[in-house]
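Here is how the chains run, residue by residue.
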Protein chains: 4
Amino acid sequence: MIIQLDPAISEEAKAKITDTLGQLKFKGTEVKTQIGDYLVCIGKTNIDIRQLGFLPGIIDIHKVSDDYKLVSRKWKVNSTKIDLGDGVVIGDGSFSIMAGPCSIEGEENVRATIKHLKENGVNIMRGGVFKPRSSPYSFRGMGIDGLKMWYNIAREEGIKIVTEVMQVSQIEEMYPYVDVFQVGARNTQNFNLLDELGKVDKAVMIKRGISGTIEELLYSAEYVFSGGNEKLILCERGIRTYEKASRNTLDLNAVPILKDKTHLPVVVDPSHGIGIRDYVDSMSLAAVMAGADGVIFEIHPLPEKAASDGQQTLDFQQSAALIRKMKKTYALREEFEMVV
Amino acid sequence: MIIQLDPAISEEAKAKITDTLGQLKFKGTEVKTQIGDYLVCIGKTNIDIRQLGFLPGIIDIHKVSDDYKLVSRKWKVNSTKIDLGDGVVIGDGSFSIMAGPCSIEGEENVRATIKHLKENGVNIMRGGVFKPRSSPYSFRGMGIDGLKMWYNIAREEGIKIVTEVMQVSQIEEMYPYVDVFQVGARNTQNFNLLDELGKVDKAVMIKRGISGTIEELLYSAEYVFSGGNEKLILCERGIRTYEKASRNTLDLNAVPILKDKTHLPVVVDPSHGIGIRDYVDSMSLAAVMAGADGVIFEIHPLPEKAASDGQQTLDFQQSAALIRKMKKTYALREEFEMVV
Amino acid sequence: MIIQLDPAISEEAKAKITDTLGQLKFKGTEVKTQIGDYLVCIGKTNIDIRQLGFLPGIIDIHKVSDDYKLVSRKWKVNSTKIDLGDGVVIGDGSFSIMAGPCSIEGEENVRATIKHLKENGVNIMRGGVFKPRSSPYSFRGMGIDGLKMWYNIAREEGIKIVTEVMQVSQIEEMYPYVDVFQVGARNTQNFNLLDELGKVDKAVMIKRGISGTIEELLYSAEYVFSGGNEKLILCERGIRTYEKASRNTLDLNAVPILKDKTHLPVVVDPSHGIGIRDYVDSMSLAAVMAGADGVIFEIHPLPEKAASDGQQTLDFQQSAALIRKMKKTYALREEFEMVV
Amino acid sequence: MIIQLDPAISEEAKAKITDTLGQLKFKGTEVKTQIGDYLVCIGKTNIDIRQLGFLPGIIDIHKVSDDYKLVSRKWKVNSTKIDLGDGVVIGDGSFSIMAGPCSIEGEENVRATIKHLKENGVNIMRGGVFKPRSSPYSFRGMGIDGLKMWYNIAREEGIKIVTEVMQVSQIEEMYPYVDVFQVGARNTQNFNLLDELGKVDKAVMIKRGISGTIEELLYSAEYVFSGGNEKLILCERGIRTYEKASRNTLDLNAVPILKDKTHLPVVVDPSHGIGIRDYVDSMSLAAVMAGADGVIFEIHPLPEKAASDGQQTLDFQQSAALIRKMKKTYALREEFEMVV
């Protein structure tokens, strides 16, 4: 059960609500976000909403049968739209394309990528500066200096930045230069990181765990939301299965399931999802038709020279063709939705 | 290596080829299909094709680095088109829609379904008469009498039949009434069944195993082809993973991968693939964009009363809407392909 | 619910029971095995056993909450013992060791293997004469003639034979030469084969499917049992997972779970389970401690020259050492069980 | 390639080695641990060790074909023994039993548990004070105060403590009260946490990821080792598969494989691994026979009242019986190893 509180509620009224909840054997956790003030109430018994609804300071009460609450569409029926500023939005009827290299490699590369993005009407750029690597001896990214360099060029050009944050201590130093904090697949259940991102007022994109369930992804989003941050995006990026013909098994089933269960926008990463350049195009278009709110994919001026993940990276010509096709496919999907 | 033989080759010339292969430490398996006469040659060493090419009776020689040979696109670059007669074809530029109930239930149901299919321009009907069931106490289908009843109505109406064959002994009795023999996910590696279907001159659709790899599916097709039957269709129907939010994990990645590796048509079954009615629509459209040659899905006049699989079955209204959208989506895909 | 019938029950009494069941909205399937006469009753409602118990011809009635019935330990609390004749038994307090090559290769190999088994007190030999192979071009075994050759030597020496049957049509020709019919991992859900093996009076060992669940294995056993054959053995042989450090993931968890859920003996195949020779020893001993009723493993006089699966096959010296250790480990397990 | 350096090496000599490595196109990472000073060298070409071996300051050079280096048994053939002080050691011929509740719950519970452990000769206690939970609304543990309370009692009684650290910022506050830092299954690839634990001089036990490969576990250990900490223990705790009859699939195959590939001790957690109380006993004994250096399991005075994981927790009577059996089983294993 979620109780929406009047932002101007008095401490006295709040105490009265908590007290009544206790008598009904419910435990309430107060959640203040950029947008609202909520009490998430967990209990085992059924409750008659009328026992609470008359109390002062309550705007609305929603029963939510899912175990995750704030991210559930059972509570918030309308899709969430996230505003990155300067007219760049994600979710709720917009279709977001995000592209860029696996790793930020240098100024020349950043400038070339941004030029390509602008020519193709894309205004969000992805790229890693802190790279999680299985082996401690692999390249771990350009770090905070790379991020600053990237930011300076991107701001000039009106491009938004999505990049991975790997640990709590990076949040503060990265904050001024980031538009969307990405939580990587190895950190989906790094609950301390999620807690801290709940305190930030910038958007957070959570990737599904390497073998994470859809439900776990929703719970991870609940962590950030209940920490105070509603600006959440979910990302399907392929799961680990026995099949070795593709790097991962991009699970497009997750798209309609997530769109049904949550009001948050859902983005698909076909580059990591299938992991082979030649198939990124097909899976991107499939993602659009499956109902995704956006696609995030890897590009590089010279994929075979990329510092990492070259085998799944498109060159600019392939990227331009894909962007054109995605836009047409999305237009057709919108047509379908209007009819229904 | 595949050697295409002259259909009029003499026994003497054939013996000469086999002899030469033996000297080169290759073993040749002769494969006669409806269309051609081949020697599939397996060996461990490299071979200089010129050592063979001059021999009489040889039309062509193809090196194939894949372990499966006859189904590989490395040998046969052009996509295969399967002709079911009366202008009904599968593969190579046509888009095939196949729909019908999980189990054939009775004459009335069959008539209603065929009426619906014809109204929507669909000419292939799916349905089970022999049903593989985990429990020996479940309904196992109407059997051969159900098939005959279905056939009589379908023939009248110009509708083609695709239905599952579960064992070798059923092939003969089913043969007159079937257009496409379906090999179910539990029988993908029933090699005796595959061997016998190699001797049949009707089309065979092989479903991917419940946790079968893409490579195993290609090998299973190689069994049928090397048994003498080139009329083969592959079907992605979802794999078993840890994720329990969907019945199976429909693996659309398999579509572009299979289309790249084999010349055979690839069909997708979203009904079993995701297993939940509300999501069949999205996954069907995604399958079209992923590059499928067709979609096979479950419909029923009253899904909630279906003898089996009702939870993943569309009613006729949903089916009609889906068919319309798939056609439009396929038209857009064709437009993309023409440009490229 | 399982109703045990008096073997001398009259047709009239039987009709009366069926009739009463119908009134209670239950459907009874009569199952006659080598040992008993049962009515397996499936219904959706609760039943008061007293409504049936007074009817003539009924010996006993057992409620079974599992969906599989005849193989459930909820009905038959005592473990099943299978008698192969000549004092060779499987299950219920005996520990069975079965060893032999992956494929039967020739008389010399068979004689050497049997000599080794007898020297080490083992009286069941495994070996394949019909081999399921992913590729149609691989060696498919010596066939029925190989089986006859093997049988002639084994009978002389008092050794029992366990070997795989791949299809219904092989049952009759194999029958005289086989002590235990093995159903392979690719055929666990070949329901026609299971149905037919229900009509045989020889033991059947069912391997768990390549990605079969424990419940599906029990259902497959239920097929054979409900077909009339109680002489059933279950075999854990590794499942397919994402982990590639071993050929399969031998799932020893299945041993205590199966021993808890069914009265049938449970055997473990570590050779296919882990698939690497050096680790077969450890996993065999682990299987004993996990509670297995037996272990089946692959041996060959010269593993590196074996026709198939050499990399997971022990030589005779390794085999002798393993057999000694398994016996000591089993003796310790028996000691533990006696205390409890 | 690993170069062992003389601890008294001069900066000049070190520069000379680095220089020579550069000429050979190798990159050396210096690793100083509690025990030694190493250069881990990564390169793509083959190298003739004689080009380096004559340089001053080098004690020894080992070629290591594995991609992980310092944890590989190819370099360090002898098993690692970890000394926790007061005669408590893990690995290399000792067998370690660690038991305790899932969550530390209070002083009374701690005292009762320690009493039970001491009566049964166990000197390492497990327990969680920081609990990773899927839902933000679940109990997250007693925190640092719980750890201090536990420590005070444990030190009095001579009991060592193993407990989970979830984030970098906890390391310092937990340090005085912990004997073994546990890295949980959700943090196996939290590379920042691993980096920081490399700087600590206390033992670290890394659990295999929820669907982590064996190789990834070794890489995670390489992170800590290359960070400077050799006191490492690996823990198999079950992987995520499609099988739902057990909570996880305890992968005992990992035990002989890890023991073969690394010199580090390997411990098994059957409580999380199978997740059902009745089967913990069998899987623990199986783990001993598979070659584990220890077993870690969950106990509670009243399992059904445990704050978390009660369904997989043993009571003290079950625990005492299991400890007795594990010791006898380990004694038998030692007997086997002596013979071989």
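Residues numbered from 1 in each chain as written. Chains lettered and ligands numbered in written order. Predicted model: local features only at pLDDT ≥ 70, side-chain atom pairs only at ≥ 80, totals over all residues. Heavy atoms only, no water.

**Quick word on the overall build of chain A**
Argument step 1. When you go through chain A residue by residue, the secondary structure sums to 11 helices and 14 strands.
Argument step 2. By the compact-globule yardstick of 20 Å for 340 residues, chain A fits well, its C-alpha radius of gyration being 21 Å.
Argument step 3. Each of the three principal axes of chain A carries a C-alpha extent, and together these read 65 × 45 × 40 Å.
Argument step 4. Taken over 340 residues, chain A has a buried fraction of 65%.
Argument step 5. For chain A, restricting intrachain contacts to residue pairs at least 6 apart in sequence, the fraction spanning at least 24 positions comes to 68%.
Argument step 6. Accessible surface for chain A amounts to roughly 12500 Å². Of this, 48% is attributable to carbon and sulfur atoms.
Argument step 7. A gap of 2 Å separates the mean positions of the 42 positive and 46 negative side-chain charges of chain A. (Helix = DSSP H or I, 4+ residues; strand = E, 2+ residues; numbered from the N terminus. Rg over C-alpha atoms; globule rule 2.2 N^0.38 Å. Buried < 20%, exposed > 50% of the residue type's maximum accessible area, 1.4 Å probe, protein only. Contact = heavy atoms within 4.5 Å. Areas by Shrake-Rupley, 256 points an atom, 1.4 Å probe, with all protein chains shown as cover. Lys, Arg positive; Asp, Glu negative; His and termini not counted. Charge placed at Lys NZ, Arg CZ, Asp CG, Glu CD.)

**Here's the deal with the sheet that holds strand β2 (residues 26–32) of chain A**
Adjacent strands of a sheet pair through backbone hydrogen bonds, lying either parallel or antiparallel.
Residues and elements named next belong to chain A.
Argument step 1. As summarised here, the arrangement of the four strands in space is β2-β3-β1-β4, forming an open sheet in which the pairing is antiparallel. Of all the strands in the sheet, the pair left with one neighbour each is β2 and β4 (58–62). If you compare each strand with its neighbour and ignore which way they point, the axes differ by 20 degrees on average.
Argument step 2. Alignment of β2 against strand β3 (residues 37–43), held across seven bridges, turns out to be antiparallel. Considered in β3, the bridge of Gly-28 is made with Cys-41. (Pairing = 2+ DSSP bridges. Axes fitted to C-alpha atoms, helices over the stretch in contact; angles between N-to-C directions.)

**Points about the sheet that holds strand β7 (residues 96–100) of chain D**
Residues and elements named next belong to chain D.
Argument step 1. Spatially, β7-β8-β9-β10-β11-β12-β13-β14 is the arrangement adopted by the eight strands of the closed barrel, whose pairing is parallel. Strand-to-strand twist across the sheet, computed as the mean angle between neighbouring axes with direction ignored, equals 25 degrees.
Argument step 2. Of the pairings in the sheet, the one linking strand β13 (residues 266–268) to strand β14 (residues 294–298) comprises two bridges and is parallel in character. Within β14, the position partnered with Val-267 by the bridge is Gly-294.

**Description of helix α3 (residues 107–119) of chain B**
In an α-helix there are 3.6 residues to a turn, and that puts residues three or four apart on one side.
Residues and elements named next belong to chain B.
Argument step 1. The first and last C-alpha atoms of α3 sit 18 Å apart over 13 residues, in line with the 18 Å expected at 1.5 Å per residue.
Argument step 2. For α3, the set of buried residues is Asn-109, Val-110, Thr-113, Ile-114, His-116 and Leu-117. Here the buried residues of α3 occupy an arc of 160 degrees about the axis, which is enough to place them on one side. Looking at α3, the residues exposed on the side facing more than 90 degrees away from the buried face are Glu-108, Lys-115 and Glu-119.
Argument step 3. Just beyond α3, the residue with positive phi is Gly-121, at close to 70 degrees. (Expected span 1.5 Å × (residues − 1). Arc of directions from axis to C-beta.)

**Examining the interface of chain A and chain D**
Argument step 1. Each partner contributes residues to the interface: chain A has 33 residues there, and chain D has 33 residues.
Argument step 2. Overall, the association of chain A and chain D removes approximately 2800 Å² of surface from exposure, summing both partners, and the carbon and sulfur fraction of that is 48%.
Argument step 3. Interface area lost by chain A to chain D is led by Tyr137(A), Asn192(A) and Arg240(A), which between them contribute 24%.
Argument step 4. Across the chain A-chain D interface, the total number found is four salt bridges.
Argument step 5. In this structure, Glu216(A) and Arg240(D) form a salt bridge, with 2.5 Å as the shortest nitrogen-oxygen distance.
Argument step 6. Summed over the shared surface of chain A and chain D, the number is 13 residue pairs in polar contact (both at pLDDT 80 or more).
Argument step 7. Broken down by secondary-structure element, the contributors of at least two residues to the side of chain A that touches chain D are β3, α5 (168–174), α6 (191–197) and α7 (214–226) of chain A.
Argument step 8. When residues in the side of chain A that touches chain D are grouped by element, the largest group, five residues, is from α7(A).
Argument step 9. Among the residues forming the side of chain A that touches chain D, the class breakdown is 12 nonpolar, 13 polar and eight charged. (Buried area = accessible area lost by both parts, 1.4 Å probe. Salt bridge = Lys/Arg side-chain N within 4 Å of Asp/Glu carboxyl O. Polar contact = N/O pair within 3.5 Å; in protein donor to acceptor, adjacent residues only side chain to side chain. Nonpolar A, V, L, I, M, F, W, Y, C, P; charged D, E, K, R; others polar.)

**A word on the interface of chain A and chain B**
Argument step 1. Each side of the interface is counted separately: chain A has 37 residues, and chain B has 37 residues.
Argument step 2. Approximately 3100 Å² of surface area, both sides summed, lies buried where chain A meets chain B, with 67% of it carried by carbon and sulfur atoms.
Argument step 3. Counting the surface chain A buries against chain B, the share from its top three residues, Tyr242(A), Asn253(A) and Tyr279(A), is 21%.
Argument step 4. Counting across the interface, chain A meets chain B through four salt bridges.
Argument step 5. Between Glu243(A) and Arg208(B) there is a salt bridge whose closest N-O contact spans 2.7 Å.

**Points about the relation of the copies chain A and chain D**
Argument step 1. You can overlay chain A on chain D at an RMSD of 0.1 Å; the transform is a turn of 180 degrees with a shift of 0.0 Å along its axis. When the rotation and shift are considered jointly, the pair of chain copies conforms to a two-fold rotation axis. Closest to the rotation axis within chain A is the C-alpha of Ser211(A), separated from it by 3.1 Å.
Argument step 2. Interface overlap between copies: 100% of the residues of chain A at the interface are likewise at the interface in chain D, consistent with a symmetric, same-surface contact. (Least-squares fit on C-alpha atoms with pLDDT ≥ 70 in both.)

**So, the confidence of the model for chain A**
Argument step 1. When pLDDT is averaged across chain A, the result is 94; 99% of the residues are at 70 or more.
Argument step 2. Both confidence scores are given for the complex: pTM 0.94, ipTM 0.93. (pLDDT = per-residue confidence, 0-100.)

**Some remarks on the packing of aromatic side chains**
Working definition: an aromatic ring pair is given by the centre-to-centre distance plus the angle between the planes.
Argument step 1. Scanning the entire structure with this criterion turns up 28 aromatic pairs over all chains.
Argument step 2. Ring plane angle 70 degrees and centroid distance 5.3 Å describe the contact between Tyr151(D) and Tyr177(D), whose orientation is recorded as edge-to-face. Here Tyr177(D) lies in the loop between α5 (168–174) and β10 (180–183) and Tyr151(D) lies in helix α4 (residues 143–157), a separation of 26 residues in the sequence.
Argument step 3. The exposure class of Tyr151(D) is buried, given its relative accessible area of 18%.
Argument step 4. Ring plane angle 20 degrees and centroid distance 4.6 Å describe the contact between Phe191(D) and Tyr223(D), whose orientation is recorded as stacked. Taken together, the residues span a long stretch of sequence, with Phe191(D) in helix α6 (residues 191–197) and Tyr223(D) in helix α7 (residues 214–227) at a distance of 32 residues. Exposure class is identical for Phe191(D) and Tyr223(D). Each is buried.
Argument step 5. The structure contains a cluster of three or more aromatic residues connected by ring pairs, namely Tyr38(A), Trp75(A) and Phe225(A).
Argument step 6. Across from the ring centre of Tyr175(C), 4.4 Å away, lies the NZ or CZ of Lys202(C), which sits over that ring. (Phe/Tyr/Trp six-rings, centres within 6.5 Å; stacked < 30°, edge-to-face > 60°. Lys NZ or Arg CZ within 6 Å of the ring centre and 35° of its normal.)

**Here we look at the pattern of salt bridges**
Residue and element names in this part refer to chain A.
Argument step 1. Per the counting criterion, the structure on display carries 92 salt bridges over all chains.
Argument step 2. Taking the shortest distance from any N to any O, the salt bridge between Glu-119 and Lys-115 comes out at 2.9 Å. Taken together, the residues Glu-119 and Lys-115, both in helix α3 (residues 107–119) and four residues apart, mark about one turn of the helix.
Argument step 3. Taking the relative accessible area as the measure of exposure, Glu-119 reaches 55% and is therefore exposed.

**Re the pairing of strand β12 (residues 232–236) of chain C**
Look at any regular strand and the pattern is simple: side chains alternate between the two faces of the sheet.
All names here are of chain C.
Argument step 1. With five of five residues buried, β12 is to be regarded as a mostly interior element.
Argument step 2. Alternating residues of β12 divide into Leu-232, Leu-234 and Glu-236 and Ile-233 and Cys-235, and every residue in both groups is buried.
Argument step 3. In the classification by handedness, the crossover that spans strand β11 (residues 203–207), the intervening helix α7 (residues 214–227) and the parallel β12 is right-handed.
Argument step 4. The sheet contact formed by β12 and strand β13 (residues 266–268) spans three bridges and is parallel. Note on β13: the bridge partner recorded for Glu-236 is Val-268.
Argument step 5. Handedness of the crossover joining β12 and β13 through helix α8 (residues 254–261) is recorded here as right-handed. (Right-handed = clockwise from strand over helix to strand, strands pointing away.)

**Brief notes about the side chain of Lys202(B)**
All names here are of chain B.
Argument step 1. Inspection of the secondary structure assignment puts Lys-202 in the loop between α6 (191–197) and β11 (203–207).
Argument step 2. One buried charged residue, Lys-202, forms no salt bridge at all, with the nearest opposite charge on Asp-179 at 5.3 Å.
Argument step 3. A polar side-chain atom of Lys-202 sits 2.8 Å from the main-chain carbonyl oxygen of Val-178.

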